[in-house]
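Architecture and fold: a report
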Amino acid sequence: MERRSMGMAAKRRTANIITYVILVMISIIWIIPFIFLILQAFDVGNPGLTGNVWPEKWGLGNFAYLFSSESNFLRWYFNTFIIALFACVGQTAMQFMMAYALSRFRFKLRKPMMNVMLVLGMFPGFLTMIVLYEVLNSLGMTSDNAVPGLILVNIASSGMGYYVAKGFLDTMPKSLDEAAEVDGATKFQVFYKVVMPLCKPIVIYTVLTSFMGPWGDYIFAATIAKGSQEGMNVATGLNSWLSTANIGGYYKYFCAGGVIVAIPVIILFLFLQKYYVEGVTGGAVKG
Amino acid sequence: MKILDKDSYLKLNKWKRFVYKFKYFFLITIPRVFFKIEKLDAISYLKLNIWKRIGYKIKFFYLIKIPTFFKNLGKKIWKGIKGFGLGIAHFFKNLVVTFIEGDIWTKLSYFFMGIGSFARGQILRGILFATMELVFIFYMIFTGGYYLGKFNSLGLIQPLDADENVVVGADNSFKIMLYGALTLFFIAAFIYTWYLNIKQNRINEQLKKDEKAIADTKDDLRAVVDQQFHRTLLALPTLGIIVFTLLPIFFMILVAFTNYDANHNGVSNALFGWVGFDNFRTLFSWSAGGKNYAATFGEILVWTLIWAFFATFTNYFLGLVVAMLINKKGIKLKKVWRTVLVMSIAVPQFISLLYVKNMFAYDGIMNDIIQFFGGNRIHFLDDQASALTVRITVILINIWIGIPYLMLVTTGILMNIPADLYESASIDGANVFQQYTKITLPYMLFITGPYLLTSFTGNMNNFNVIFLLTGGAPHPQELEAGQTDLLVTWLFQLTMKDNSYSLGAVLGIIVFIVVALISLIVYNILPSTKNEEAFQ
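Fair warning: this is a prediction, and the values are worked out from it, not measured in the lab. (Residues numbered from 1 in each chain as written. Chains lettered and ligands numbered in written order. Predicted model: local features only at pLDDT ≥ 70, side-chain atom pairs only at ≥ 80, totals over all residues. Heavy atoms only, no water.)

A short note on the overall build of chain A
Note the cut-off: The numbering of helices and of strands both runs from the N terminus, where a helix is a DSSP run of H or I of at least 4 residues and a strand a run of E of at least 2. The atom set for the radius of gyration is the C-alpha atoms, and the globule formula is 2.2 Å times the number of residues raised to the power 0.38. Note on classification: 1.4 Å probe, protein chains only; a residue is buried when its accessible area is under 20% of the maximum for its type, exposed when over 50%, partly exposed between these limits. Whether two residues touch is decided by their heavy atoms; if any such pair falls within 4.5 Å, the residues are in contact. Accessibility throughout is a Shrake-Rupley quantity obtained with a 1.4 Å probe, and a residue counts as covered only by protein chains that appear here. In this tally, Lys and Arg are treated as positive and Asp and Glu as negative; His is ignored, and so are the chain termini. Where a charge sits is defined by one atom per residue type, namely NZ (Lys), CZ (Arg), CG (Asp) or CD (Glu).
Across its full length, chain A carries 13 helices and 0 strands. Across chain A, helices and strands are ordered from the amino to the carboxyl terminus as α-α-α-α-α-α-α-α-α-α-α-α-α. Computed over the C-alpha atoms, the radius of gyration of chain A is 25 Å, more than 25% above the 19 Å expected from 2.2 N^0.38 for a compact globule of 287 residues. Dimensions of chain A along its principal axes, counting C-alpha atoms only, are 85 × 70 × 35 Å. In chain A, which comprises 287 residues, the share counted as buried stands at 52%. Considering only intrachain contacts with a sequence separation of at least 6, the fraction spanning at least 24 residues in chain A is 71%. Split by element, the accessible area of chain A, about 13300 Å² in all, is 67% carbon and sulfur. Side chains of chain A carry 21 positive and 14 negative charges; the gap between the two charge centres is 13 Å.

The following block contains the structure:
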């Protein structure tokens, strides 16, 4: 009996060692591109795409370039930040209004509405881009003034992404609302005094994801900015540095820009990781 | 075919016996084996060996699930049509009955909206109805009528005359179509409010008859935050969706039936007009204006499906494996491993994608490493690469992108699997692999079925990964798009680069049809949507 358990322990130890080896390998694979990115951001030797990862010459010159008046990077950064700020407030509000109404009320058009939104969601997103571009163009919200246009596009239809919030609201017992209503609260008071405070984790998740969205948004931003340096966001701007014509002179600036863009989002993410995980798992289970 | 008993069979001569056997085999045996199925209960199913079980499952899927699915679908569609017809009949009946039975205010409300509300002390409602009518009339006179009148032709006065001079006061097809569509929506909204206005009168008359109080303005205002609070909540999001999604999609569906493209932009070079199904024909033709759209479409559709399949399932299974490794009993520093992976979600995707793309470039880091170890440089992602290389590289990079996310999703669910399932399995002598295939996988698949479906359709429309990594490369001469282009990236190229808006719109509709069909079928076959108690 003893020998057998010793054998089991040894077996388990080898299994664990193998697992550790795999995990270390996975970690290296996942982290190494980012380490390369950071290393290259500090290379002030040749600004183009070079084979060496280890900097020829260390320095902060690439970052200095980003913040100097030579580049439009600060402008792009500011644009993206503004869009993200508005988007996270607007999208969260829209999604919760939609989700709350669909989860807590039973009205005649409820099912048809949900079906219509489901069907609309099956069309590829930027099929609508041509129309929206023309409409925004006639309102003067494109190229140099792309920011308000992008904010509008980001917020307007965001009610369609109500699923995660509704899934969370559905799990909340209805007896809570009923108790408050017996005490004379209106439906509005139930909404903002009883239910919303309990939704904190999922609100944070929604705010986080909708804040992160605009940082990676490429097609919509590129279409509406239409090549204007003033109206680009970071994704469009940094991508323009990687075009065949520019990559020889701007590659290292792209790396530095990538680092600057990633830092605030990573910090935010590390702090709010718990809520993100909660939202992601909850959303997946409900589908 | 007549089935013979043994005596009559023996009476036949040799040839007739042969013919009989032949006929029997094709008309009785084959149908019995392949096309006939007896439903088995759980115990008789478990008695079968593994091959018979697989056979049973396949037969069950094709002979029972799919026919029932289509039968139910047919029933649903028929029910929908019937319901719609009845609804319309009901609508008109109500209108006539209300008009005949109603008092003078109700009758007047048919022509002057809101007058009934005013007469019964519902000032706010009256004002809203009257405003709606006024706005509608003014809109139709000054804008809507004009555009709706030209909607049929999409404009007649060309922007350039025969000598290429700019014509003053020319039509604008784009505007005509946009405002025409808007006007159609507005008319629908108007009819709905008009109907509401009449329904109000009917309800109020009934209340009066029963000597009950009619809601006044104060009650209405209170209802905005109380009984009708859902309408208040829905107003803004719904308006946004109608204006920024529904109307544009409606518009693009219309565009699919016009010749709106670079040579007919409707504003500065030539007007566009209705062409019926021509664009659909072009997309499925082997040579339209020297362009082989059908071959391109076939190739891209197949690749889109292959891509969506691999992108979804490689990420899913590998993400599950990684999550299980991290959650394994006795593994320390769980938080560290997880954080390393989660960090890569936090970095905006375009940065990681563009950086990895340059790592795999011909003169990028990956090739330097390969050369360092004595290999030859490889074209991974550019136009000189072979389609297979690019496709495999893209799928591998997508694994790198997707695993952290799937790891998070699956971790939460893994922890919910009851531990005693594993305990009793290991007491019964199941090894790790068996536990994985018999407990973990079925449980996960059951819970995440709907999620898998959405991520499959999401991957079909995964624009960023393809666009930023390859841009569709490689682009062979004989195709109109690249070999790693998805339907959506091709749609992007058609509309934004080639300005073939109408073809793009057709492609958009096709993407919708494909996604909708897959969703519909999978959703009806998924166990978690029907058999909800399987794991409870």
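Structural notes on the packing of aromatic side chains
For the record, the criterion: Note on aromatic pairs: the rings of Phe, Tyr and Trp (six-membered ring only in Trp) are paired at centre separations within 6.5 Å, and the planes decide the class, stacked below 30 degrees, edge-to-face beyond 60, tilted for the rest. To sit over a ring, a charge needs its Lys NZ or Arg CZ within 6 Å of the ring centre and within 35 degrees of the ring normal.
For the coordinates displayed, the defined rule picks out 65 aromatic pairs over all chains. Aromatic pair A:Trp241 and A:Tyr250: ring centres 5.4 Å apart, planes at 15°, arrangement stacked. The class of A:Tyr250 is partly exposed, set by a relative accessible area of 26%. Chaining the aromatic ring pairs together yields one cluster made of A:Tyr100, A:Phe105, A:Phe188, A:Phe191, A:Tyr192 and B:Phe229. Sitting above the plane of the A:Tyr275 ring, A:Lys274 keeps its charged end 4.9 Å from the centroid. Residue placement shows B:Arg17 over the ring face of B:Tyr9; its charged tip is 5.5 Å from the ring centre.

Things to note about helix H8 (residues 173-209) of chain B
Residue and element names in this part refer to chain B. Quick reminder of the rule: One less than the residue count of a helix, multiplied by 1.5 Å, gives the span that helix is expected to have. Between N or O atoms, a polar contact is any pair within 3.5 Å; within protein, one atom must be a potential hydrogen donor and the other a potential acceptor, and residues adjacent in sequence are included only when both atoms are from side chains.
Under the 1.5 Å per step criterion, the end-to-end length of H8 is 54 Å for 37 residues, consistent within 8% with the ideal 54 Å. Capping the start of H8 is the job of one residue whose side-chain oxygen sits 3.1 Å from the backbone nitrogen of Phe174: Asn172. Of the residues trailing H8, Glu211 is marked for its positive phi of about 55°.

Section: the domain arrangement of chain A
For clarity, the cut-off: In this document the domain limits rely on a domain assignment from an automatic tool or a database.
Once the domains are mapped, chain A shows domain 1 (2-61) and domain 2 (72-240). Here domain 1 of chain A and domain 2 of chain A have C-alpha centroids that lie 37 Å from each other.

A look at the domain arrangement of chain B
Residues and elements named next belong to chain B. The test is simple: Summed over both partners, the accessible area lost on bringing two parts together, with a 1.4 Å probe, is the buried area. For this classification, the nonpolar set comprises Ala, Val, Leu, Ile, Met, Phe, Trp, Tyr, Cys and Pro, the charged set comprises Asp, Glu, Lys and Arg, and every other residue, Gly included, is treated as polar.
Each assigned domain of chain B is listed here: domain 1 (6-64), domain 2 (102-276) and domain 3 (293-525). For domain 2 versus domain 3, the distance between C-alpha centres works out to 43 Å. Counting from both sides, the interface comprises 9 residues of domain 2 and, opposite them, 8 residues of domain 3. Carbon and sulfur atoms supply 75% of the area that domain 2 and domain 3 bury against each other, a total of about 620 Å² over both sides. Residue composition of the side of domain 2 that touches domain 3, grouped by class: 6 nonpolar, 2 polar and 1 charged.

What about the packing of H8(B) against helix H10 (residues 229-255) of chain B?
Residue and element names in this part refer to chain B. Spelled out, the test is: Helix axes are fitted only over the stretch in contact, all axes being lines through C-alpha atoms; the angle between N-to-C directions runs from 0 to 180 degrees. The labels follow the angle: roughly parallel below 35 degrees, roughly antiparallel above 145, roughly perpendicular from 65 to 115, and oblique for the rest. Helix crossings get a hand from a simple test, with the near helix turned counterclockwise from the far one by less than a right angle marking a left-handed crossing and a clockwise turn marking a right-handed one.
Packing of H8 against H10 brings their axes to within 10 Å, and their N-to-C directions diverge by 125°. It follows from the interaxial angle that H8 and H10 lie oblique. The way H8 lies across H10 gives a crossing that is right-handed. Here Phe174, Met177, Leu178, Ala181, Leu182, Leu184 and Phe185 of H8 lie close against H10, whose contacting residues are Ile242, Leu246, Leu247, Phe250, Phe251, Leu254 and Val255. Residues that form the contact of H8 with H10 fall into these classes: 14 nonpolar, no polar and no charged.

Focus on unusual backbone geometry
Of note, the bond from B:Ala473 into B:Pro474 is cis; its omega dihedral lies within 30 degrees of zero at -5°. Following the sequence through the fold, B:Pro474 ends up in the loop between helix H19 (463-469) and helix H20 (487-497). Even without glycine at this site, A:Ser143 takes up a positive phi of about 35°. If you trace the backbone, A:Ser143 turns up in the loop between helix H5 (129-138) and helix H6 (146-156). Unusually for a residue other than glycine, B:Leu333 sits at a positive phi of about 60°. Residue position: B:Leu333 is located in the loop between helix H12 (293-327) and helix H13 (334-346).

Quick notes on the nonpolar core
This is how it is decided: Buried residues of nine kinds, namely Ala, Val, Leu, Ile, Met, Phe, Trp, Tyr and Cys, make up a nonpolar core once their side-chain atoms join them within 4.5 Å.
Counting residues in each nonpolar core, the largest one holds 204 residues, and the members touching the most others are A:Phe73, A:Tyr100, B:Leu283, B:Tyr355 and B:Trp490. It is helix H13 (residues 247-286) of chain A that contributes the most residues to this core, 15 residues altogether. Aside from chain neighbours lying at most four places away, what touches B:Tyr355 is A:Pro33, A:Phe36, A:Leu37, A:Gln40, A:Tyr251, A:Phe254, A:Cys255 and B:Ile365. Formed by 5 residues, the second largest nonpolar core is a distinct cluster that contains B:Phe129, B:Met132, B:Phe136 and B:Phe190.

Some remarks on a nonpolar patch on the surface
Test applied: Patch membership requires over 30% relative accessible area and the absence of a salt bridge. Like charges are linked within 9 Å, and nonpolar side chains (Val, Leu, Ile, Met, Phe, Trp, Tyr) within 5 Å. Just to be clear on terms, a salt bridge is a Lys or Arg side-chain nitrogen sitting within 4 Å of an Asp or Glu carboxyl oxygen.
Nonpolar side chains collect at one region of the surface, where B:Met1, B:Phe22, B:Phe25, B:Phe26 and B:Leu27 lie side by side and expose about 520 Å² of accessible area between them. A relative accessible area of 42% places B:Phe25 in the partly exposed class.

Comments concerning the interface of chain A and chain B
Facing 83 residues of chain A, the contacting portion of chain B comprises 84 residues. At the boundary of chain A with chain B, total buried surface from both sides reaches about 7800 Å², with 82% on carbon and sulfur atoms. It is A:Trp30, A:Met122 and A:Ile130 that lose the most area in chain A upon contact with chain B, and together they represent 10% of the buried surface on that side. At the junction of chain A with chain B, the criterion picks out 9 residue pairs in polar contact (both at pLDDT 80 or more).

As for the side chain of A:Gln95
Summarising the element assignment, A:Gln95 is placed in helix H3 (residues 73-104). Residues within four places of A:Gln95 in sequence aside, it is in contact with A:Ser158, A:Gly161, A:Tyr162 and A:Thr206.

Structural notes on the environment of B:Ile123
All names here are of chain B. Looking at where Ile123 falls in the secondary structure, it is placed in helix H7 (residues 123-150). The exposure class of Ile123 is partly exposed, given its relative accessible area of 41%. In sequence terms Ile123 and Gly402 are 279 residues apart; their C-alpha atoms lie 58 Å from each other. Those residues in contact with Ile123 that lie beyond four places of it in its chain are Phe118 and Thr217.

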